[in-house]
Amino acid sequence: MVRILNTFCVALMGLSILALYHVSERTRIADVELSSVDRQIAREESTMSVLQTEWAHVAGPARIHALAESRLGLTGAPALQLSSFEALPRRGDEAPLTDTPIRQASAQVPAN
Amino acid sequence: MTQGPTIFQRRIVIGAVLCVMAFALVGVRLIDVTLFRHGEAGAVVGPSLFARADIVDRNGDLLARDLPVMDLYARPHALDDKDGAARDLARVTGADYRRLKGAFANAKDPYVLVARQLTPDVQDRVMHLGLPGIEFEPNTKRYYPDGRATAQLLGVTDPDGNGQSGLEGGLDVQLRTAPGVPVQLSIDMRVQYILGNEVEAARQTFHAVKAGGVVMDVNTGEIIAMVSYPDFDPNYRHMIGDDSDHNIMAADRYELGSVFKVLSFALAMEDHTTTPDEVFSIGNGYRIGKFTIHEAEHMPATYTAREILAHSSNIGTAQIALRSGGVRQRAFLDSLGLLRILHTELSEYARPLFPAAAHWGTIETATIGFGHGISVAPLSYIAAAATVVNGGRKVVPTFLKRDADGRGEQILKPQTSLAMRELLRYVVTNGTGRKADIPGYDVGGKTGSAEKPIPNGHGYQPHVLVTSFFAAFPIEAPRYVVFVLLDTPHGTKETGGIALAGSTAAPLAGRVISRIAPILGVPQKPVAPAHEST
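Scoring rules and cut-offs
- Residues numbered from 1 in each chain as written.
- Chains lettered and ligands numbered in written order.
- Predicted model: local features only at pLDDT ≥ 70, side-chain atom pairs only at ≥ 80, totals over all residues.
- Pairing = 2+ DSSP bridges.
- Helix = DSSP H or I, 4+ residues; strand = E, 2+ residues; numbered from the N terminus.
- Axes fitted to C-alpha atoms, helices over the stretch in contact; angles between N-to-C directions.
- pLDDT = per-residue confidence, 0-100.
- Contact = placed C-beta atoms within 7 Å.
- Domains from an automatic or database assignment.
- Buried ≥ 20, exposed ≤ 12 C-beta atoms within 10 Å, placed from the backbone.
- Left-handed = near helix turned anticlockwise from the far one by under 90°.
- Nonpolar A, V, L, I, M, F, W, Y, C, P; charged D, E, K, R; others polar.
- Core = buried A, V, L, I, M, F, W, Y, C linked by C-beta atoms within 7 Å.

As a general point, the strands of a sheet are linked pairwise by backbone hydrogen bonds and lie either parallel or antiparallel. Residues and elements named next belong to chain B. Strand order in the open sheet made by the 5 strands is E7-E6-E14-E13-E12, with antiparallel pairing throughout. Whereas interior strands pair on both sides, the edge strands pair on one side only; in this sheet they are strand E7 (223–229) and strand E12 (444–453). Taken over all neighbouring pairs, the strand axes of this sheet differ in orientation by 10 degrees on average, direction set aside. Sheet analysis places strand E6 (residues 210–217) next to E7, joined by 6 bridges and oriented antiparallel. Looking across to E7, one finds that Val215 is bridged to Ala225.

This is the structure:
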């Protein structure tokens, strides 16, 4: 009986050693893969960080202003050129847009 | 008779028990890890890439970020041609050739720092040199996408990532404590750009030595924009021409002149020592002891209090200030925070200059009434003036986003604040601030033209001015105040050679408001045809 038990324990131990070795090896490989993925994530985050910063630079107000002036011929908009919908004339109104106070008022913004 | 287990059998049993216990322990741990702790794997966070947190504006737009760069080191003993390597590395990286040559020749120095914070293109050029003994160490460099537009406000860091000036210095601990959590400012980058664009254009037009501007929310105390010129490029940090890293709006103190009349009138209205319609004698001079107060320009014999503010009469304001008295005036200015250092999130601040209580006599009360004899930081003045128009409650400026009402102690009665708003509107429609009157928005404000003191402290420099304009809009229920300042402006052909605030600072404030009000969502008023024809 003791011999059977001993044999069983030794067999169990052998199997356990094999299983542990297998798990250990899989863990080591997973760790290497994890490190690789971590490094890749860090690289991608770094690249994204640079790209976001570049975007902030190229989409900054100074650049947009310069491009709007040089490419689109836009100038600094006085307040009343940015009017509200309520201030726009309705279809059938007697006063056309060119005679509305809005258009006249925008010319009143001090030039300097 | 049964025989007991031999010593070997007992040892085997003990060994087996120990093995079983060890396996049981491993089994329990496996069950614990697989069943109860599997969620923790996702919570493992690697070290942060960067040392300082991002800075973003109130809309989430990026203002400052650490970018990955490389520091370059060399091992001189591995270099065959030390002199040639020093020359090549100096050419490619911009490092000092003589320093490198000396360091490479020094046998005691096994590891020499060649250059810091190399960008990827410079790194590529170094690699193409093909030199042995070259090593790159990862590092970070603080980058500011908007460059000069935020330079004076954000400040800079040193090469080791420590905040040196501006908000980088003032928020250094917060930025370093949680590198992954962006710090959101109250600044609106669109307003910041417009303010800078207009202030710098005015500085060029009027050939002013310095200029600055601030936009502030009167209810929350949030600074929406702040600029100071001359400025500098925070990404290169080499001062070119008249570049300066000095923020005049926070770190300098000025005798601001007539914009202080707003405070004298607020005190008089609060204490009912005068009414807007009371008539005062103006004349050619107002004598106090051995001193005589004069006007900057000719004025009629009498003015109502309303006209005194509208036309910025020193003599009239001196009389009104004297009715309040020196003790009350001092206590009022102190309650507005003008006699103390204003501490904000900026690392810069200025100590106000004013007479000691024992020397705050009649003449001091009169001159401080119209803004002479007291020097404060422009930012301190803006906070005090915002208190006058926001319903009378003290507000402290902040550069961090704050949605809640930031108003505190009630300094003035709401009725006083309302009366002051009406007076400030009158200044813009009928007084020295007419050039700040823009269609679509009711602006209230006050001009200030102060002669600059002689640096040795004895007297003032004739015709050398600091001009400023304080504006609130929409004046019927102010949401924002704008303050602009020009240090030593010169008149132009368009202004008839006049450099006073009504011709220099007031139109500047008007242009700023006309551009930022639609962005800030301030509702427009319909424009009456009668108004347009003026």
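Alright, that's what it looks like, and here's the rest.
Turning to the confidence of the model for chain A, a few remarks are in order. Close inspection of predicted coordinates is inappropriate for parts of the model with low pLDDT. Residues and elements named next belong to chain A. Model confidence for chain A is summarised by a mean pLDDT of 78, while 70% of its residues fall at 70 or above. For chain A, helix H3 (residues 101–106) is the element with the lowest average pLDDT, namely 43, and helix H1 (residues 2–58) is the one with the highest, namely 91. Note that pLDDT drops below 50 for residues 98–112; the model gives that stretch 33 contacts with residues more than four away or on any other chain.

What follows covers the domain arrangement of chain B. Each assigned domain of chain B is listed here: domain 1 (67–75 + 84–93 + 109–141) and domain 2 (192–532). Once you take the C-alpha centre of each, domain 1 of chain B and domain 2 of chain B turn out to be 52 Å apart.

Before going further, it helps to spend a moment on the confidence of the model for chain B. Residues and elements named next belong to chain B. Per-residue confidence for chain B averages 90 on the pLDDT scale, and 95% of its residues sit at or above 70. Segment residues 43–47 is flagged for pLDDT under 50; beyond a separation of four residues in sequence, or across chains, it makes 1 contact in the model. Counting interchain partners and residues more than four positions distant, the pLDDT-below-50 stretch residues 529–534 has 8 contacts.

Okay, the environment of Ala59 of chain A next. Residues and elements named next belong to chain A. Mapped onto the elements, Ala59 comes out in the loop between H1 and helix H2 (61–72). A tally of 12 C-beta atoms within 10 Å means that Ala59 is categorised as exposed. Measuring from C-alpha to C-alpha, the distance between Ala59 and Glu45 comes to 20 Å, with 14 residues separating the pair along the chain.

All names here are of chain B. Turning to its location among the elements, Pro182 is positioned in the loop between helix H7 (172–177) and strand E5 (183–184). When the C-alpha positions of Pro182 and Ile382 are compared, they lie 28 Å apart, and in sequence the two are 200 residues distant. When near neighbours in sequence (up to four residues on either side) are disregarded, Pro182 contacts Ala53, Asp54, Ile55 and Val56.

Residues and elements named next belong to chain B. Within helix H10 (residues 261–271), 10 of the 11 residues are buried, which leaves the element mostly enclosed by the surrounding structure. Listing the buried residues of H10 in full gives Lys261, Val262, Leu263, Ser264, Phe265, Ala266, Leu267, Ala268, Met269 and Glu270. Just downstream of H10 lies His272, where phi reads positive at about 55 degrees.

So, on to the pairing of E7 of chain B. Burial analysis of E7 of chain B places 7 of its 7 residues in the buried class, which makes it a mostly covered element. The hairpin formed by E6 of chain B and E7 of chain B contains 5 residues between the paired strands, and Gly221 of chain B there has a positive phi angle of roughly 80 degrees.

Turning our eyes to something else, we now look at the environment of Val126 of chain B. All names here are of chain B. Mapped onto the elements, Val126 comes out in helix H4 (residues 120–129). Each C-alpha atom, one on Val126 and one on Leu465, is 53 Å from the other, the two residues being 339 residues apart in sequence. Aside from chain neighbours lying at most four places away, what touches Val126 is Leu72, Val92, Thr93 and Ile134.

The next point concerns the packing of helix H2 (residues 82–93) of chain B against helix H3 (residues 97–105) of chain B. All names here are of chain B. The contact between H2 and H3 brings their axes to 9 Å, and the two run at 145 degrees. In the crossing of H2 with H3, the sense of the turn from one axis to the other is right-handed. Seen from H2, the contacting residues are Lys82, Asp83, Ala85, Ala86, Arg87, Leu89 and Ala90; seen from H3, they are Tyr97, Leu100, Lys101, Phe104 and Ala105. Residues that form the contact of H2 with H3 fall into these classes: 8 nonpolar, no polar and 4 charged.

Here we come to the nonpolar core. Residues and elements named next belong to chain B. Counting 130 residues, the largest nonpolar core has Ala471, Val481, Ala509 and Ile513 as its most contacted members. Per-element accounting of this core gives the leading share, 9 residues, to helix H15 (residues 378–389). If sequence neighbours within four positions are ignored, Ile513 has contacts with Ile438, Tyr441, Val443, Ala471, Phe473 and Val482. If you look at the next biggest cluster of nonpolar residues, it comprises 15 residues, including Leu72, Ala85, Leu89 and Val114.

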